[in-house]
Amino acid sequence: DVINYKDSVDRYLWVCGYGLYNKGFDAFKAGDLVTAEKFFTQILEVIPYDKNNELKRSGISPDIITKNLYLVAKKGGDVEKQKMYLQKLIDAKFNEPVIYLSMCRIYLEQKDTAKALGYLESGRKLFEEDTKLMEMEANIYVAQGRIDELIAKVSEKIGRAHV
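To start, this report covers the structure provided alongside it. Remember, it's a predicted structure, so these values are computed and weren't measured experimentally.

About the cut-offs
- Residues numbered from 1 in each chain as written.
- Predicted model: local features only at pLDDT ≥ 70, side-chain atom pairs only at ≥ 80, totals over all residues.
- Heavy atoms only, no water.
- Helix = DSSP H or I, 4+ residues; strand = E, 2+ residues; numbered from the N terminus.
- Rg over C-alpha atoms; globule rule 2.2 N^0.38 Å.
- Buried < 20%, exposed > 50% of the residue type's maximum accessible area, 1.4 Å probe, protein only.
- Areas by Shrake-Rupley, 256 points an atom, 1.4 Å probe, with all protein chains shown as cover.
- Lys, Arg positive; Asp, Glu negative; His and termini not counted.
- Charge placed at Lys NZ, Arg CZ, Asp CG, Glu CD.
- Contact = heavy atoms within 4.5 Å.
- Axes fitted to C-alpha atoms, helices over the stretch in contact; angles between N-to-C directions.
- Parallel < 35°, antiparallel > 145°, perpendicular 65-115°, else oblique.
- Nonpolar A, V, L, I, M, F, W, Y, C, P; charged D, E, K, R; others polar.

Regarding its fold elements, the chain presents nine helices and zero strands. In summary, the chain has a C-alpha radius of gyration of 21 Å against a globular reference of 15 Å for 163 residues, an excess of more than 25%. On the principal axes, the C-alpha backbone points of the chain span a range of 75 × 40 × 20 Å. When the 163 residues of the chain are sorted by exposure, 34% land in the buried category. Accessible surface, the chain as shown: approximately 10,400 Å² in total, 56% of it carbon and sulfur. Distance from the positive charge centre (25 side chains) to the negative charge centre (25 side chains) of the chain: 1 Å.

A few words on unusual backbone geometry. If you check the backbone angles, Asn53 has positive phi at about 55° while not being a glycine. If you trace the backbone, Asn53 turns up in the loop between α2 (33-46) and α3 (54-57). The residue Lys111 is not glycine, and still its phi comes out positive at about 65°. One can find Lys111 in the loop between α6 (98-109) and α7 (113-126). Taking relative accessible area as the criterion, Lys111 reaches 72% and is therefore assigned exposed.

Position of Gln82 relative to the elements: it lies in helix α5 (residues 79-91). Of the residues examined, Gln82 reaches a relative accessible area of 8% and is grouped as buried. Residues contacting Gln82, with those up to four places away along its chain left out, are Tyr70, Ala73, Lys74, Gly77 and Ile106.

Moving on to the packing of α6 against α7. Two packed helices can be described by the angle between their axes and the distance between those axes. Where α6 meets α7, the axes come as close as 7 Å, and the angle between the chain directions of the two elements is 170°. Taken as axis vectors, α6 and α7 run roughly antiparallel relative to one another. Of α7, the residues touching α6 (which contributes Tyr100, Leu101, Met103, Cys104, Tyr107 and Leu108) are Thr113, Lys115, Ala116, Tyr119, Leu120, Ser122, Gly123 and Leu126. Classifying every residue of the contact of α6 with α7 gives ten nonpolar, three polar and one charged.

Our focus in this paragraph is the environment of Glu96. As for its placement among the helices and strands, Glu96 is situated in the loop between α5 and α6. Accessibility expressed as a relative area gives 24% for Glu96, which makes it partly exposed. Residues Glu96 and Phe127, spaced 31 residues apart in sequence, show a C-alpha to C-alpha distance of 8.6 Å. When near neighbours in sequence (up to four residues on either side) are disregarded, Glu96 contacts Lys67 and Phe127.

Fair warning: the whole summary comes from geometry, so function is off the table for now.
What follows is the structure, encoded as structure tokens:
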């Protein structure tokens, strides 16, 4: 009898994950961050059992859940969790430049300009043409009075573009 149910469980497990995602998203929208975090975290426990990748096909992946957990932490003002989730996304090579901008902003607020610039540099290597990353970098250089360095960097990039 157990074997008969195994196929059904495998087939419909993703429905549970999808339901958790929707409940987590609804809780987030309602401002219930504790519940949102709980549901999103539970999805991470379901994903390994989704052998047919139904959740992934529905747009629910560990990276998307991690991004949602970051948004929950951001809305709740938990800076350490924000950094943790952003770092997980960076380590997973999540394909959105905004994660580098977000990490940069956190470190700027913590007055750690060196780390902020480090994350910007990492993001710029992956997303060379992203204007928001360029703008943030320029703003930091201007704020620090390092305009000559900024001009040199821009000139070098222009020179490489024309080669």
